[in-house]
Amino acid sequence: MSFCLVDFFDMESPTKEIEDFENNALKYLQPDQIEKIWLRLRGLRKYKKTSQRLRCLVKQLERGEASVVDLKKNLEYAASVLESVYIEETRRLVDTEDELSDIQSDSVPSEVRDWLAATFTRQMGLMLRRTEEKPRFRSIVHAVQAGIFVERMYRRTSNMVGLSYPPSVITVLKHVDTWTFDVFALNEASGDHALKFIFYELLTRYDLINRFKIPISALVSFVEALEVGYTKHKNPYHNLMHAADVTQTVHFFMLKSGIVHWMTELEIFALIFAAAVHDYEHTGTTNNFHIQTRSDMAIFYNDRAVQENHHVSAAYRLLQDDDEMNILYNLSKDDWRELRALVVEMVLATDMSCHFQQVKAMKNFLQQPEAIDKPKALSLLLHTADISHPAKKWDLHHRWTTSLLEEFFRQGDKESELGLVFSPLCDRKSTMVAQSQIGFIDFIVEPTFTVLTDMTEKIVTPLIDEASRSGLAGFRRSSLNSISPDGKRSSVKSTGSEGSTSLNCSLLTVDFKSFKATWNEEVQQNREKWKTQATKDLEEKAKKEAEEKSKQEEAEGKEGKKEEEEDKDAESSEPTQDKDTTRAAKDAKDTKDTPESTDKDKAVKERDKEKERDKEKDKAREKEKEKEKEVEKEKEKDKEKERATEEDREKGRAAEEEMKPEPAEAARAMKDPVEQKPKEAEGNKDPGGSGGPKPEADSREASNPKPPESHSSTDSSQQAQNDSDDDGQSNRGDSPGSLAAASASAASAASADDAN
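Bear in mind that the values here come from a model prediction, so they are computed numbers and not experimental data.

K.L.:
How should unusual backbone geometry be read in this particular structure?
P.N.:
In most cases, non-glycine residues show a negative phi, while peptide bonds are predominantly trans. Phi at Lys234 takes a positive value of approximately 55°, unusual for a residue other than glycine. Along the chain, Lys234 falls in the loop between α12 (216-230) and α13 (240-257). For Lys234, a relative accessible area of 65% corresponds to the exposed category. At Glu281, a residue that is not glycine, the phi angle is positive and equals roughly 60°. When you line up the elements, Glu281 lands in the loop between α14 (265-277) and α15 (287-293).

Structure representation (structure tokens):
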């Protein structure tokens, strides 16, 4: 329900009469008396506000916005009642001196007198008023009852007006009970008001607006103020969409896990309220950043849950500083305290530094036979919703991840400007996104969801068993009034009118396996997609590093050539005496360190050393390769020489066979052995003879020494000659002709040796 302030100034009597009365009644009082009376009047201002609101309703009825004749008459009557009460009570406060007339000023100090007047006095006389214009009450009780009646009537009328829903918002909100709910689509459809519509929708669905008498105008004002706070720092991630997403997620948890049957209406209200405010006025930086930079917030909260403390405190200040947005105004003192205690504990538990402690504590609870502590259970539920996006479908999860990392990178930019060490995942250049999300899923998200599922199963299973034994379906009935054709959502309980439905949550329909499978399937799929992305990232990184290294080497090569050319030119152009001076000046310049260049020079020297080490390693590898090539060449030469030696052996054997004497010649040789001696002598005399003895061959080799590479060939030839001699000796027998064969074999071997 919205009110136009212009209407207030257009109103005629009796609103104008109130203003005239205030001016005239207080005109003749002393300043200190006026101040004290105004302290008491503050408690009565609500009657005036109520009167103004009712008059505004009358104006709206006159315009035809709500054509209810009886309502108009009752509103006019109630407004006149409240105005008369306000005037009567004000006059009684002004006339406090009458009841203190019997107290002598000399016997009572003025401070005590003022205190008595402000605290205990009440004028019992009747006011003079026009009976034809103002109604009379027989007692204060009747006046209070009339005020209560008017308040109820006003709230009922305001709630019936409701919040207008655009058609596109209605379409999106049809999926508010599903795990795949798209909060980005809701924010786009609502014109950046996702939090307002999701908060109002859930309070309506659980019938909390009627249960706790929340004024619609205050509710709308409060949630709009929340949205302003969420956009204060223009965060990519911690904004009103994140708050709306977490609020819808806790609704899904309550509904699908069945834990809503374990909770009271006040606890449901506390959980939805905590989800809506849990990141209010988030700065887009971590608590550790506040601590390291010694921010005002960190100093104020003593480095303990810095932002979480601020979220709760700032949200409650909204309620306390302005009654027009105080949605907790009609809660009893006990309900207010219980709700605040739950909200504070739940929001403080969203501090990520408490994660492992929180999960461990819940695991211990699950192992105990005692009942689970309710605030701890609700805190884990909110914390799980806060980190739930990796368990949503890939499109939503990937979009949330991109937004969150951009927020981290902005913090890293600030840390770089301040000279601080980068916080984890805050360096734009080195953060590995895929690997970080895989670790987040494996070590944080999946274990937390597992504990939450076990917790809800332990809590809800006894409730299901009890409902089965009692034969009841275990319904929790909450008002869920459908959106009317004109796009307005009513928060008044359905009376069976056309188009109304109810949200019936049966315990017997709770399926723990389905609840677990819902998030588990998405977690597994998202993990596999991140693993695929991680592999691609590593390949691209390796390729990029290789390209950068090659470019760097090319640049270094060009620089080296350039420096060499410059040195040569300098040496050729400078006189000899100037060379030493120039070199000394260059060395002095290189060794000179200034405060600004020391770090850079060290880095350059380190790079140069690394480059030199790399070059030395490359040279060592090249030398090893050259040695291997030389060894291969030697092996090839040895093989060729062995083949040549084998061929010579074959030739020697063939020559030996040809030179064997015929039997007749052998007989002649036996008869005339003397004739053989001159031939042998000639062979000894002839240096080029084929049958020269071994000493002459040695002398020839001594006179013409060969390079070391031919030693193996020479040794092979010599071995072949020795083998031939052995063969000659073995075949020699008693025949003198065998000596000639041996000589021929030796000669052929010697000729082969010379050829090699």
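Picking up after the structure, the text goes on.
K.L.:
What is the right way to read the confidence of the model for the protein chain from this model?
P.N.:
Reading predicted coordinates in detail is not appropriate for stretches of low pLDDT. When the pLDDT values of the protein chain are averaged, the result is 74; 60% of them are 70 or greater. Averaged pLDDT values over the elements of the protein chain bottom out at 40 in helix α1 (residues 5-10) and peak at 98 in α14. When the criterion is pLDDT under 50, residues 490-502 qualifies, and its contacts beyond four places in sequence or with other chains add up to 31 contacts. Confidence drops under pLDDT 50 across residues 673-756; counting only partners more than four residues distant or on other chains, this segment forms 55 contacts.

K.L.:
It is not clear to me how a positive patch on the surface should be interpreted in this structure. Could you clarify?
P.N.:
Taken together, the side chains of Lys605, Lys609, Arg613 and Lys617 present a region of like positive charge at the surface. Given a relative accessible area of 42%, Arg613 falls into the partly exposed group.

K.L.:
Can you walk me through the pattern of salt bridges in this structure?
P.N.:
Any two side chains of opposite charge can pair if their charged atoms end up close together. Across all of its chains, the model carries 14 salt bridges by this definition. Here the salt bridges do not stand alone but share partners, grouping Glu406, Arg410, Asp413 and Arg428 into one network.

K.L.:
In this structure, what is going on with helix α19 (residues 355-367)? I would like to understand it.
P.N.:
In an α-helix there are 3.6 residues to a turn, and that puts residues three or four apart on one side. Taking 1.5 Å per residue, 13 residues should reach 18 Å; α19 reaches 19 Å between its end C-alpha atoms and fits that length. Buried residues in α19 make contact with α20 (374-386) and α22 (433-470).

K.L.:
What am I meant to see in the nonpolar core here?
P.N.:
Burial of nonpolar side chains together is a common tendency in soluble globular proteins. Grouped together as the largest cluster of nonpolar side chains are 111 residues, with contacts concentrated most on Leu195, Phe199, Phe222, Phe269, Phe273 and Ile327. Among the elements that take part in this core, α22 stands out by supplying twelve residues, more than any other. Discounting chain neighbours no more than four positions away, the residues touching Ile327 are Phe199, Ile214, Ala218, Leu219, Phe222, Phe269, Phe273 and Leu319. The next biggest cluster of nonpolar side chains, apart from the first, holds eight residues, and it includes Leu54, Leu57, Leu61 and Leu71.

Definitions and cut-offs
- Residues numbered from 1 in each chain as written.
- Predicted model: local features only at pLDDT ≥ 70, side-chain atom pairs only at ≥ 80, totals over all residues.
- Heavy atoms only, no water.
- Helix = DSSP H or I, 4+ residues; strand = E, 2+ residues; numbered from the N terminus.
- Buried < 20%, exposed > 50% of the residue type's maximum accessible area, 1.4 Å probe, protein only.
- pLDDT = per-residue confidence, 0-100.
- Contact = heavy atoms within 4.5 Å.
- Patch = residues over 30% accessible without salt bridge, like charges linked within 9 Å, V, L, I, M, F, W, Y side chains within 5 Å.
- Areas by Shrake-Rupley, 256 points an atom, 1.4 Å probe, with all protein chains shown as cover.
- Salt bridge = Lys/Arg side-chain N within 4 Å of Asp/Glu carboxyl O.
- Lys, Arg positive; Asp, Glu negative; His and termini not counted.
- Charge placed at Lys NZ, Arg CZ, Asp CG, Glu CD.
- Expected span 1.5 Å × (residues − 1).
- Core = buried A, V, L, I, M, F, W, Y, C linked by side-chain atoms within 4.5 Å.

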